[in-house]
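# Structural overview for review
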Amino acid sequence: MEAAFSRITMTAASAMLLLALVVLWRRHAGAYITAFRTQSIALAVTGAVVASYGGASELFFVSFMILVVKGWIVPSVLSGMDAKRQSARELRPLLNTETSLLVSGALAVAAYEISRPLAEVMNLPTRGGLPIALALVFVSLFIVVSRREVIAQIVGFLMLENGIALLALLGAYGVPLIVELGVFLDVLLGVLVMQAVVYQIHDTSAD
Amino acid sequence: MDLMVVLALLTPPFAAGVLALGVRRAPARVAWLNVLTMPISLVAAGAIAVRLATGGTPVVVGEVWRIDALSALLAVLIASVATLAVALGPGTAREEHSQAAEIRTFRIYVNLFAFTMLVAVSTVNLGLMWVAIEATTVTSALLIPLHRTKASVDASWKYLLIGSVGIALAFTGTVLAYVDVAATGVDINVALHWTALREAATALHPQVARLAFVFLLVGFGTKAGLAPTHTWLPDAHSEAPSPLSAMMSGVLLAVALYAVARWKVIVDVAVGSVFTDSLLIVVGLATLAVGSLSLLSQTHFKRLLAFSSIEHMGLACFGLALGPLGTFAALLHLTGHALAKSTTFLLSGRVLHRFGSGTISATRGLLATAPKTAVLIAAGMFALGGLPPFGLFLSEILIVKAGWAAGHPLLTTAVLILLLIAFGSLLVQLHRMLFGEPPTGIAQGERASGAVLLLSVPVVLLAWLGLSIPAPLQMLLSKAVMVIRP
């Protein structure tokens, strides 16, 4: 039972990391948003699995919130922004795809190295996924600094948030509910404010 | 009793923000009402500070709120600067005629911004502290482009993105520490409470604690304007409306540094203070160098002030690493900086309004055109340069002394040289502004006004701070030092 639990969370975490790589390799905002939505759903599923196996019933609620906020509302806001931008043009990153993927590989290795002491202190069956969560944090950070398009930068930031949520989920079955709720509120308001500023950027550039 | 004080501290800005949001008509009346509400927070913060300075226990309400001496110091600073900002912002400033929509936007966000900062320093839960600091970005970013220009919108985006990502890294650090402490078997509902964390910190895995602190320092350091992630600061602080610049520079940076100090206490229990001290010294020196060496080449007054903020944050960060004396000096420095920088930023708004331009070369002859503003700016700049009798002179001397005592003679000499460079640069820039032939078509002379009177208050306080630290403040600072260096 525990082995299966461990394997399921590992698989979900790996899927989330792969979905981050999509942003480095595809060049359309629509693909970024789909990748983020799928990643959020994978996070919600991980949360639900941890909730049922780990006996942390609060997490069912948190998973539901993840599904609603990050799987539905935030991607819809992003799609709206992309539609308003009305461009199907290719998004040109600062680094080419090959280099980006190589850097991501290096970051994943670094994440494994750095998170070694973490695995030592923990005895939860989910600890195997911690390096992957940290790798997701690093790769998302890399997305933010290496992309020029605002949509890619926002998606990178949101994936960074997903990476931290995964880290908390696998490392300690989630942070306390009150903090979790605050984080949801911040993410939601943050995205709305980002949307407002991006619209202002378009307005002032058009003048 | 404790509940009443906390309510008096936190409710006024929140209620005023919601009021401004809800009431679309008569924004000027809302603005004037706001001038009455913010001092309530200031009085509450002052009452808490006095209680703690005179040996009282921390204010505790439920599982969420706990205000000790360190929190109280920050709360007083936040409420003071916010009071100045709401009194001199759009809607009440007699010189400016702002549009109704601008007044409303300003009143909504400036109050919520003050509220999120007050929450950040009043909560015992380090997770909620993070939530509140992240929320400061959300509540202030939309206010930067109040007068919508391409530069201000771009500055807002840069601030929003770098601030959000930086603060996300701080959350990574928070979660790492939480994962570690949860594994030691502490009740996870209180595992992020600062007091519980401090108790449990001896059981933290040293390597995990170090790793967490690196993330926390980079993350909150980004918000505090520490190098190398300070790049958003000069744009955001110079493009924001002056009252917001005053709050961002005067207290938001201090709040972010406060978060670093809170976590430093935990990590110090786990691994000893050498690790965090060394990091703070390196980062502090680099930041001080970036700020100090950029001052002379600035052509905009507000950018000059922004780089001066970077310089002062670097120095405060350096001070925090230097034992109890350095910590005392750093906190005194943050106090003086909050007063001096908020005043100079608010004065920059007056200059901007008078000359219609923020470039230093366009504001020549300030002394002749607006003598009262000019004198106050000169006093503020002298204070920022570290000239006696102002408070920052005293704190800078103390930091240098602490650096020597802590056995860093070379680094302290470098700090001293950088401070001299900063002083010289500010003096040269000030000279450029005060004297010379004013541009044609600028109105001459200046009446005494409520704004001038209000802005002389912090200048007088600064001078007082430099001559002798008032006994209650001395006590409060000592108690706050005990929090960081038990």
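Residues numbered from 1 in each chain as written. Chains lettered and ligands numbered in written order. Predicted model: local features only at pLDDT ≥ 70, side-chain atom pairs only at ≥ 80, totals over all residues. Heavy atoms only, no water.

If you tally the helices and strands in chain A, you get eight helices and zero strands. Listing every helix and strand of chain A by position from the N terminus yields α-α-α-α-α-α-α-α. Taken against the 2.2 N^0.38 rule, which gives 17 Å for 207 residues, the C-alpha radius of gyration of chain A at 17 Å falls within 12% of a compact globule. Each of the three principal axes of chain A carries a C-alpha extent, and together these read 60 × 35 × 20 Å. Within chain A, buried positions represent 57% of all 207 residues. Once local pairs closer than 6 in sequence are excluded, the contacts in chain A between residues at least 24 apart make up 80%. When the 13 basic and 13 acidic side-chain charges of chain A are each reduced to a single mean position, those positions are 8 Å apart. (Helix = DSSP H or I, 4+ residues; strand = E, 2+ residues; numbered from the N terminus. Rg over C-alpha atoms; globule rule 2.2 N^0.38 Å. Buried < 20%, exposed > 50% of the residue type's maximum accessible area, 1.4 Å probe, protein only. Contact = heavy atoms within 4.5 Å. Lys, Arg positive; Asp, Glu negative; His and termini not counted. Charge placed at Lys NZ, Arg CZ, Asp CG, Glu CD.)

Of all hydrophobic cores here, the largest spans 261 residues; its most connected members are Trp157(B), Phe220(B), Met248(B) and Trp263(B). Among all residues touching Phe220(B), those that are not within four sequence positions of it are Met129(B), Trp130(B), Ile133(B), Ile167(B), Ala170(B), Ala256(B), Ala259(B), Val260(B) and Trp263(B). (Core = buried A, V, L, I, M, F, W, Y, C linked by side-chain atoms within 4.5 Å.)

Here we come to the domain arrangement of chain B. Residue and element names in this part refer to chain B. By the assigned domains, chain B splits into domain 1 (1-124), domain 2 (127-269) and domain 3 (272-486). Distance between the C-alpha centres of domain 1 and domain 2: 20 Å. Taken together, the contact pairs 30 residues of domain 1 with 28 residues of domain 2. Here domain 1 packs against domain 2, burying approximately 2500 Å² in sum over the two surfaces, 78% of which is carbon and sulfur. Three residues stand out in domain 1 for area buried against domain 2, namely Tyr109, Phe113 and Val124, and they jointly supply 24% of the buried area on that side. Asp68 is the salt-bridge partner of Arg262, the closest N and O atoms lying 2.7 Å from each other. Those elements that place two or more of their residues in the side of domain 1 that touches domain 2 are α3 (69-88) and α4 (100-122). In terms of residue count, the dominant contributor to the side of domain 1 that touches domain 2 is α4 (13 residues). (Domains from an automatic or database assignment. Buried area = accessible area lost by both parts, 1.4 Å probe. Salt bridge = Lys/Arg side-chain N within 4 Å of Asp/Glu carboxyl O.)

What follows is about a nonpolar patch on the surface. There is a patch of nonpolar side chains on the surface, built from Leu19(B), Val23(B), Leu33(B) and Leu36(B) and spanning about 320 Å² of accessible area. Structurally, the position occupied by Leu19(B) is in helix α1 (residues 2-22). (Patch = residues over 30% accessible without salt bridge, like charges linked within 9 Å, V, L, I, M, F, W, Y side chains within 5 Å. Areas by Shrake-Rupley, 256 points an atom, 1.4 Å probe, with all protein chains shown as cover.)

Turning our attention to the environment of Gly314(B). All names here are of chain B. Within the fold, Gly314 resides in helix α12 (residues 301-320). Along the primary structure Gly314 and Phe106 are separated by 208 residues, whereas in three dimensions their C-alpha atoms are 30 Å apart. In this view, Gly314 contacts Leu226, Gly284, Thr287 and Leu288; residues no more than four positions away in its chain are not counted.

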